[in-house]
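The primary structure of each chain is shown beneath.
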Amino acid sequence: MTGMSIPASHADILESTALAHVATIGPDGLPQNNPVWFGWDGTHVLFSQTTARQKYRNLQHQPAVALSIVDETNPYRYLEVRGTVVEIADDPDNAFINSMAKKYMGQDVYPWHQPTDHRVVVKVLPTHTTQMG
């Protein structure tokens, strides 16, 4: 599967600490959307989930996602990314969620981890973008 590059005019949004509103499709065909912390590796958008959450279950059924990120300094500028989940990998040592806590909170360790949480990292390959501003 081939992804697409993010437009240079809006690539800075992927380096920001804005939240990504991630939409998935549930088994009943209805959309589900919520904000998440995200990372960008230059090719994929990454976010963390626990296996107990609806979003994780939705992705088991349908790997298509859409996410939108609003520029923190200009609410009329945004990037929408549509794509496909190409990997869901275990995060057994919480390395990814801890890196997100560092990015978003300045803390080395994610403070809300529960011993029963089974964390995974969702890797999304962008296939389409729209942008404004």
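The coordinates are above.
None of the values given here were measured: they were computed from a predicted structure. (Residues numbered from 1 in each chain as written. Predicted model: local features only at pLDDT ≥ 70, side-chain atom pairs only at ≥ 80, totals over all residues. Heavy atoms only, no water.)

Caption draft 1: Molecular detail of the overall build of the chain. The number of helices and strands found in the chain is two helices and seven strands. The C-alpha radius of gyration computed for the chain amounts to 14 Å, which stays within 12% of the reference 14 Å derived for 133 residues, consistent with globular compactness. Taken over the C-alpha atoms alone, the chain extends approximately 40 × 40 × 25 Å along its principal axes. Buried positions account for 40% of the 133 residues belonging to the chain. Taking the intrachain contacts of the chain between residues at least 6 apart in sequence as the baseline, contacts between residues at least 24 apart amount to 70%. Summed over all atoms, the accessible surface of the chain reaches about 7,000 Å², with 53% contributed by carbon and sulfur. (Helix = DSSP H or I, 4+ residues; strand = E, 2+ residues; numbered from the N terminus. Rg over C-alpha atoms; globule rule 2.2 N^0.38 Å. Buried < 20%, exposed > 50% of the residue type's maximum accessible area, 1.4 Å probe, protein only. Contact = heavy atoms within 4.5 Å. Areas by Shrake-Rupley, 256 points an atom, 1.4 Å probe, with all protein chains shown as cover.)

Caption draft 2: Spatial organisation of the packing of aromatic side chains. On inspection of all chains with the given rule, the structure shows three aromatic pairs. Between the aromatic rings of tryptophan 37 and tyrosine 110, the centroid separation amounts to 5.8 Å while the plane-to-plane angle is 85°, which identifies the pairing as edge-to-face. Of this pair, tryptophan 37 sits in the loop between β2 (31–36) and β3 (39–40) while tyrosine 110 sits in the loop between α2 (95–105) and β7 (119–132), and the two are 73 residues apart along the sequence. Side by side, tryptophan 37 and tyrosine 110 carry an identical accessibility label, which is buried. Residues tyrosine 110 and tryptophan 112 carry aromatic rings whose centres are separated by 5.7 Å and whose planes lie at 80° to one another, so their mutual orientation is edge-to-face. On the basis of relative accessible area, tyrosine 110 is assigned to the buried category, the value being 12%. Three or more aromatic residues joined by ring pairs make a cluster, and in this case those are Trp37, Tyr104, Tyr110 and Trp112. Above the face of the phenylalanine 38 ring, lysine 103 is positioned so that its terminal group lies 4.2 Å from the ring centre. (Phe/Tyr/Trp six-rings, centres within 6.5 Å; stacked < 30°, edge-to-face > 60°. Lys NZ or Arg CZ within 6 Å of the ring centre and 35° of its normal.)

Caption draft 3: Spotlight on the environment of valine 22. Here valine 22 lies in strand β1 (residues 20–25). Judged by its relative accessible area of 0%, valine 22 is buried. A sequence separation of 23 residues divides valine 22 from valine 45, and the C-alpha atoms of the two residues are 11 Å apart. Residues contacting valine 22, with those up to four places away along its chain left out, are Gln32, Asn33, Asn34, Val36, Phe47, Lys55, Val65, Ala66 and Leu67.

Caption draft 4: Looking closely at the pattern of salt bridges. Considering all chains together, one arrives at five salt bridges under this definition. In this structure, aspartate 12 engages arginine 77 in a salt bridge whose closest nitrogen and oxygen atoms are separated by 2.7 Å. Placement of the pair is aspartate 12 in the segment before β1 and arginine 77 in the loop between β5 (64–70) and β6 (78–90), with a sequence separation of 65 residues. The exposure class of aspartate 12 is partly exposed, given its relative accessible area of 42%. We classify arginine 77 as buried; its relative accessible area is 11%. (Salt bridge = Lys/Arg side-chain N within 4 Å of Asp/Glu carboxyl O.)

Caption draft 5: Spotlight on the nonpolar core. Core analysis: the largest hydrophobic core is formed by 29 residues, its most contacted members being Leu14 and Ile69. If you list the elements that add at least two residues to this core, you get β1, β4 (45–50), β5, β6, α2 and β7. Sort the elements by how many residues they give to this core and α2 lands first, with five residues. Aside from chain neighbours lying at most four places away, what touches leucine 14 is Ile6, Phe38, Trp40, Val45, Ile69, Leu79 and Lys103. (Core = buried A, V, L, I, M, F, W, Y, C linked by side-chain atoms within 4.5 Å.)

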